[in-house]
Each structure stands twice: as structure tokens, then as C-alpha cells.
Amino acid sequence: MPETLLSQIRQLVTVDVDSMDPADAARHTSPENGLLFCDMTSNQAILGGQAERPENADLVKQAIEEVKATYKESGAKKEGEAFAMDVIDVLTVLVAKRVYPYLKGNVHAQTSPCAAYDIDQTVAHATKLVNLFEKHGIPKSRVCIKIPTSAESMVACHKLKQVGIQTLATCLFSVPQALAASQANCIYVAPYFNELRVHFQPTIWREYANPGKEHPMSQVVFDVKNVYKKIGSKTLVMPASLVTCKEIIGLVSLKPDHITISGGLLDKLAELPPESAEAFQTDLVPTVFSESELTADYLANDGALLKESLAKDAETTRKLDDALKLFDECEKKTKQLILSMV
Ligand SMILES: O=C[C@H](O)COP(=O)(O)O
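Residues numbered from 1 in each chain as written. Predicted model: local features only at pLDDT ≥ 70, side-chain atom pairs only at ≥ 80, totals over all residues. Heavy atoms only, no water.

The name given to the protein chain in an unreviewed UniProt entry is Transaldolase, and the organism recorded there is Tetrapyrgos nigripes.

In C-alpha cells form, the structure reads like this:
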């Protein structure tokens, strides 16, 4: 019998840590007993939070020195924002490396929001990140690159698969995005249960008495799972952007493959008793999609069909664009911090 809500949830779904803080990972694992998280997810907001912590100043300085040393070797002469971006990439690896011992799966790193609507830039940034992880001893097979689910990005994921780079389609709010991600052979999709802004502006977060049934994203997650089953997709569903334990219980009732949970919510789950089996059952009914919707090629012509679907879906487009804007603000803030430390 599980002793806590967290241990119960771990029996029902693969739990990942949505944090780059090794203390969060350490509190809920026991490497000597084989209790580990599967993956560690991250994004520009999570990395920025780590970069700002005074106790991580030495890590930022280490990243700065490493980039300067590589410039010396190669003769590169980047300054300002371009230099700061190189430092962010190294810092991402150094920070992720501290959580790696608590994982049996992948470390995740997100491509720059600036690249989100450009196929070549996304491919280049993802490749650069994987190479940096390998340089620091984390093999390609244990790295997953998180890429926001625009049409261009999904074409990039398809290209990255050809060179053995694992990807996750993040900031996902619709079934067509999930179909495109599956066609791109992403290993995961991350439907955002709440739009990213709720973490920056908590007053816009809306509470539902029964999130697993009433929250509009529950139906999307449920439909993605069912559609994937129908088409025999290998892409795994890893919901993200959770605010409460109640949301997590509701999501687990939809039987996702994974769920990524922040340090604060892991702590709360570990303090709560297990729930009844009924709490993890759903009475949602899958939406019916036509054969042509399921088999259409979303990636052809640089993702033309996904572009069309996003153009018709104002809500998904707004949430995706807003997440990219917030990630961009976080990335810019981290760049300023780095430049102030040079
Ligand atoms: O910013 C926090 C949200 O949980 C987003 O999740 P993520 O790390 O999968 O992007």
C-alpha cells in the first residue's frame, strides 16, 4: 500500500521532476534504493530562477569562463547578447548535470524562443545543446530537447530525429499540434494544463472543483492519449504546467504516460495521504476525429497544415505565442545577469 499521495501517483504514472534544483530531486529520490525520477524538465524560466540564486553565482562564472576559453581556442569573437547566449547554453548543461544523478531517464533543455519560428535555427540550437551535453559527459541518448510546438519547430523535430536527437513538443494545447509532433517522431508531447502565464500572474489561474473533468485541457489530454492509441503513435504524453495537487489527481485519471511536477508540488503530494481508487477514474468521452484528420500530413510543405490549424485556433495560438514571449523575457533577463557578471 502506498503511504503518500506521491507514492500512489508514482505507481500510476511515470513522474518527472519539473525543476533544475538538485535539492528538489534529492528530497524525493533515494538513489541507493533505486528510487529515481525518470526525466528532469526545464525551460528558460526554470533556468533563469537557478541563475539568479546567489549560491549559483560560481556556476554562472564557470559557464562564462568556459565560453571565453572556447573562444580563445577557436578564435571566435562574440560579444553582448550572442556571448550571453553561449553562456546560457553552457549554464543549462552545468545546472542540469547536478540533477542528472537523480534520474534514470533524460535531462531536458529547451531551444531558444527566438528560434521557435525558424526551422534551421531550431535545428542548430538543438544540435548545439546536445553537443554541449556530450562534451560534459551526458550522452545524446539521455538528452531530450524541448521545442515549442510551432509548425516550423515540428519540421525541425523531424529533421533532428534523422540525426538521432530526441525531442519533446512543448507548449502544446491542441490535438493537431500533437498529431504533428507524432509525425515528427517527438519522443514526448507536453500539453500545458495551465497556460504558462499563470505562473507569472497567478490571479489569472482558474480553479475547478473537479479539474480532471471540468478543466478544458483535460479533454485535450484525454483526446491526445486516445488519438495516439488509435494511430499507434510511439510519442508519449507528459502533461506539464500544473498548479495544484487536485489538478495532478485529475490529470492522472486521464492516464498520461508521464507527468512532470515542480518541487513545491512534489513536497505537497508527499505530505498528503493516498486517494481512493475512484479519484483516478474518468468519465470523459473521447472526441471523434475523422480518418482524414488523423492521417493528414501536418509536416508537408514546411508544416503548412499545422500552420493552417494554428491560424484557425486563436486560443492555442495565443497561449503558444504568450509562452514564447514569457520565455523570451526570461532568457533576456538571464542574459543581462550574465553580462553584469563579465
Ligand atoms: O514553468 C513551469 C511549467 O510547469 C512548465 O513546464 P515545463 O518545464 O515542462 O516547461
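From this point, the discussion proceeds with the structure in view.
1. Considering the overall build of the protein chain
When its secondary structure is counted, the protein chain shows 15 helices and seven strands. Its C-alpha atoms give the protein chain a radius of gyration of 20 Å, within 12% of the compact-globule value 20 Å for 342 residues. In terms of overall dimensions, the protein chain has C-alpha extents of about 60 × 50 × 35 Å along its principal axes. Evaluated residue by residue, the protein chain yields a buried proportion of 55% over its 342 residues. Long-range pairs, those at least 24 residues apart, make up 73% of the contacts in the protein chain between residues at least 6 apart in sequence. Accessible surface, the protein chain as shown: approximately 14800 Å² in total, 53% of it carbon and sulfur. If the 36 positive side-chain charges of the protein chain are averaged to one point and the 44 negative ones to another, these points end up 3 Å apart. (Helix = DSSP H or I, 4+ residues; strand = E, 2+ residues; numbered from the N terminus. Rg over C-alpha atoms; globule rule 2.2 N^0.38 Å. Buried < 20%, exposed > 50% of the residue type's maximum accessible area, 1.4 Å probe, protein only. Contact = heavy atoms within 4.5 Å. Areas by Shrake-Rupley, 256 points an atom, 1.4 Å probe, with all protein chains shown as cover. Lys, Arg positive; Asp, Glu negative; His and termini not counted. Charge placed at Lys NZ, Arg CZ, Asp CG, Glu CD.)

2. Topic: the pairing of strand β2 (residues 107–110)
Burial of β2 is two-sided: the residues Val-107 and Ala-109 facing one way and the residues His-108 and Gln-110 facing the other way are all buried. Examined bridge by bridge, β2 and strand β3 (residues 143–148) share four bridges and lie parallel to one another. What sits directly across from Val-107, in β3, is Val-143. (Pairing = 2+ DSSP bridges.)

3. Here's the deal with the pairing of strand β5 (residues 188–191)
Neither face of β5 is open: one carries Tyr-188 and Ala-190, the other Val-189 and Pro-191, and all of them are buried. Bridge count between strand β4 (residues 166–172) and β5: three bridges; the pairing is parallel. When the bridges of β5 are listed, Leu-172 appears paired with Pro-191. Once you follow β4 into helix α8 (residues 175–183) and on to β5, the crossover reads as right-handed. (Right-handed = clockwise from strand over helix to strand, strands pointing away.)

4. Here's the deal with the side chain of Ser-218
Looking at the element boundaries, Ser-218 is found in helix α10 (residues 216–231). Polar contacts involving the side chain of Ser-218 include one to the main-chain carbonyl oxygen of Gly-212, which spans 3.4 Å. Sequence-distant contacts of Ser-218, defined by excluding residues within four places in its chain, comprise Phe-193, Pro-211, Gly-212, Lys-213, Leu-254 and Leu-284. (Polar contact = N/O pair within 3.5 Å; in protein donor to acceptor, adjacent residues only side chain to side chain.)

5. Thoughts on empty space enclosed by the protein
Counted by the stated rule, this structure contains one cavity of 30 Å³ or more. Roughly 90 Å³ of volume is contained in the largest cavity. What lines the largest cavity is a set of 13 residues, and nearest its centre among them are Gln-44, Leu-47, Ile-88, Thr-92 and Gln-110. Looking at which element gives the most residues to the lining of the largest cavity, the answer is helix α5 (residues 80–99), with four residues. Residues belonging to the lining of the largest cavity are distributed by class as follows: five nonpolar, six polar and two charged. (1 Å grid on protein atoms, 1.4 Å probe; cavity = no way out; pocket = protein on both sides within 12 Å on 5 of 7 lines; lining within 4 Å. Points joined across faces, edges and corners; volume = space filled by probe spheres on them. Nonpolar A, V, L, I, M, F, W, Y, C, P; charged D, E, K, R; others polar.)

6. So, the layout of surface pockets
In this model, the largest pocket occupies a volume close to 340 Å³. Surrounding the largest pocket, 21 residues form its lining, Asp-18, Asn-43, Ile-46, Leu-196 and His-199 being those nearest its centre. Listing elements by their share of the lining of the largest pocket, those giving two or more residues are α3 (44–52) and β4. For the lining of the largest pocket, the class distribution of residues is 12 nonpolar, seven polar and two charged.

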